[in-house]
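Chain by chain, the residues:
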Amino acid sequence: MERDRETMQNSGSGTARYTLNIPPLRFFGLGLSFSWAFLMWQSPLGSLSGSASSGSDPVWILSAILSPLIAVLLMLYGKTADIPCRSIVIFFATGAATLGTVLAAAAPLVPEGTVRLVFVALGGILTGAAPMVVNTLWAIVLARLSLRSSEIVIPASFLVTFFCSLAIPNLPRAVFVATICALPLLSGFCLWASVRALDGKHMPNHHLATSEGDLYTEKLPFDRNKALKACVVLFMANSVSSFFAFMRPDDTMPMLGNASLVAAAASAASAFVAVAITMFSKPVSFDSFYRWLYVPTLAAVALYGMGPAPMRTAAMIVLLYVFMTGSTIMLIYSIKLSRQTRRSVTFLFCGALAFSTIGCLVGGIAEGVVSTAIESGLFSVQTACFALIIVFSCSILLLGRESIDVTTTPSSEARLHPKPKATEPQSKKTDREQWIDTRCEEIGSEYGLTNRELEVLGYLVRGRSQPYIRDALCLSQNTVASHARSIYRKLGVHSKQELLDILESRSEAPSNR
């Protein structure tokens, strides 16, 4: 049982609750990268490079065209391995993003001519390519954390965006620009510090993905058709969100007062909803993202079409939060899927990122076309919103009644083998597995555990973490925590160690043969 004791210690804090065990703050540097993306293109002062709207900004258009191309190249590279998280790669990528930001900000100050074109071209290229690399490096680093830790860090990163959205836009123009230019470097420093902590093994075991409690023991099949459907849904959601993110109707701005308040509200809402999805939804997947967000998206488009400024303001907040929450779920799911399918995080994350950035590009360009048509009187805002509702509703037909979860898993027991099937011949079980099964059944009978609690107990004594159990039994995180608390209460214990002591007290455990 020493192996079980070590595994249980590594898999978490040892308590029945879903305790936060917040990782070091350096890992929240991802939020600085998110903040840069908003403040660079959606700042309340207009596009950083001087255009009234990012959708008509040549720097943004070039950046938006290049971003999905870089994501595709990274995805192809990721078919064999992840990008190396070396210091030179980190600081080269973040330095390039900073340089691109400086060039984009300086372009309006340069007289028209060849020099300005060079500034615009380099600014668009660097702000399109470098952030893709930086975000991918963050995904790779966060994948080295345990499932529980990554599900804390990623949603909480939007709280960093929340504070940045409130504070930075209120700075004087020169300080505002300088701060935005510094955000990629600050994010890169946090990324570098995170890599050093992981490589130097300066992290507690329960924060690491190497904890056996989070390891998937069997490679799962990867359904390419469902992956394509999921990416199309992601594309459509980002297209609609980006379309409205670039709109700045005159009657809405007085209600907004400052567009940073919209971003702050959306950031807080996306962090809250992402936590709710990981806690109360069944295993995190594109299904979770889709079912939690497609109704708010349709409702927000309808609100925007109704016209009054308060409704349009609310719609813009909801649509921006949809975009942010989609990014959160996309990253969490890519990390989990990498462990299940043994594919690199680079391949999975960049594949989804390519469709997401294409959606942003299409939404931004469509906004410019539609706004021009509305101003010329070809059709009204209400007509445009109604058409968008129809287009987005078509994605519902894509999902249908069939799940778009990318992995095809016949059953939880076949996926994660910590407890063999009850129908499996006893000869296929090791002596140790048989002993654990027998002891768990004895404990369940003695203490009146339900069948589901008995299943959860089997995973707990094998050292599995709560996110792992959630995926194995297709339950929500909150349900798993409730079952664990009930088990602890019935057995009169307060930690996994005490739970293991009860198991050991039954008799001597055989070796794993």
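The structure under discussion appears in the preceding block.
The present account deals with the structure reproduced in this document.

So, how was this worked out
Throughout, a residue's number is its position along its own chain's written sequence, starting from 1. Residue-level local features of this predicted model are given only where pLDDT is at least 70; pairs of side-chain atoms are given and counted only at 80 or more, and the full residue set underlies all totals for whole chains, interfaces and linings. To obtain the side-chain values, all non-hydrogen atoms of the structure were included, while hydrogens and water were left out. Think of it this way: any DSSP run of H or I at least four residues long counts as a helix, any run of E at least two long counts as a strand, and we number them from the N terminus. Relative accessibility under 20% of the residue-type maximum defines a buried residue, over 50% an exposed one, and the middle range a partly exposed one, all with a 1.4 Å probe and only protein chains included. Note on definitions: a residue-residue contact is assigned when non-hydrogen atoms from the two residues lie within 4.5 Å. Areas reported as accessible are Shrake-Rupley estimates using a 1.4 Å probe. Residue values count occlusion only from the protein chains shown. A pocket here means an open set of points on a 1 Å grid, computed over the protein atoms alone, that has protein on both sides within 12 Å along at least five of seven lines. A cavity is instead a set of points where a 1.4 Å probe fits but cannot get out; residues with an atom within 4 Å of a point line either one. Grid points are joined across faces, edges and corners, and a volume is the space filled by probe spheres set on the points. Amino acids are sorted into nonpolar (Ala, Val, Leu, Ile, Met, Phe, Trp, Tyr, Cys and Pro), charged (Asp, Glu, Lys and Arg) and polar (every other residue, Gly among them). One less than the residue count of a helix, multiplied by 1.5 Å, gives the span that helix is expected to have. Geometry of aromatic contacts follows a simple scheme: Phe, Tyr and Trp rings, the Trp one being its six-membered ring, pair when their centres are within 6.5 Å, and the pair is stacked under 30 degrees between planes, edge-to-face over 60, tilted otherwise. Buried residues of nine kinds, namely Ala, Val, Leu, Ile, Met, Phe, Trp, Tyr and Cys, make up a nonpolar core once their side-chain atoms join them within 4.5 Å.

Secondary structure summary: the chain contains 20 helices and zero strands in total. A buried classification covers 58% of the 513 residues belonging to the chain. The long-range share in the chain, meaning contacts at least 24 apart out of those at least 6 apart in sequence, stands at 82%. Only carbon and sulfur atoms are counted for the fraction: they give 65% of the accessible area of the chain, which is about 20900 Å².

Enumeration according to the criterion identifies six cavities of 30 Å³ or more in this entry. The space that makes up the largest cavity amounts to roughly 770 Å³. The wall of the largest cavity is formed by 36 residues, among which Ala-37, Phe-38, Trp-41, Phe-323 and Cys-360 lie closest to the centre. When contributions to the lining of the largest cavity are tallied by element, the ones reaching two or more residues are α2 (30-41), α3 (58-77), α5 (114-142), α6 (147-167), α8 (224-245), α12 (309-341) and α13 (345-375). The greatest single-element share of the lining of the largest cavity, amounting to seven residues, is contributed by α2. When its residues are assigned to classes, the lining of the largest cavity shows 24 nonpolar, twelve polar and no charged.

The end-to-end C-alpha distance of α13 is 44 Å, a good match for the 45 Å that 31 residues give at a rise of 1.5 Å each. Gly-377 lies just past α13 and shows a positive phi near 85°.

Turning to the packing of aromatic side chains, a few remarks are in order. Given two aromatic rings, their pairing is described by the distance between the two centres and the angle made by the two planes. A complete count under the given rule lists four aromatic pairs for this structure. With 5.0 Å between their ring centres and 75° between their planes, Phe-162 and Phe-163 make a pair best called edge-to-face. Residue Phe-162 is classed as partly exposed on the basis of its relative accessible area of 22%. The exposure class assigned to Phe-163 is exposed, which follows from its relative accessible area of 55%. Members of the aromatic cluster, joined through ring pairs, are Phe-91, Phe-189 and Trp-192.

Counting residues in hydrophobic clusters, the biggest one holds 74 residues, and the most contacted among them are Phe-27, Leu-142 and Leu-331. Considering every element that reaches this core, the biggest residue donor is α5, with eleven residues. With residues up to four places along the chain from it excluded, the contact list for Phe-27 reads Trp-138, Val-141, Leu-142, Leu-145, Val-153, Ser-194, Leu-198 and Met-203. Counting 26 residues, the second-largest nonpolar core is a separate cluster that includes Cys-440, Ala-484, Tyr-488 and Val-493.

On the secondary structure map, Phe-189 appears in helix α7 (residues 173-199). Phe-189 gets classed as partly exposed once you look at its relative accessible area, which sits at 48%. Considering only alpha carbons, one finds Phe-189 and Arg-26, 163 residues apart in sequence, at a separation of 8.5 Å.

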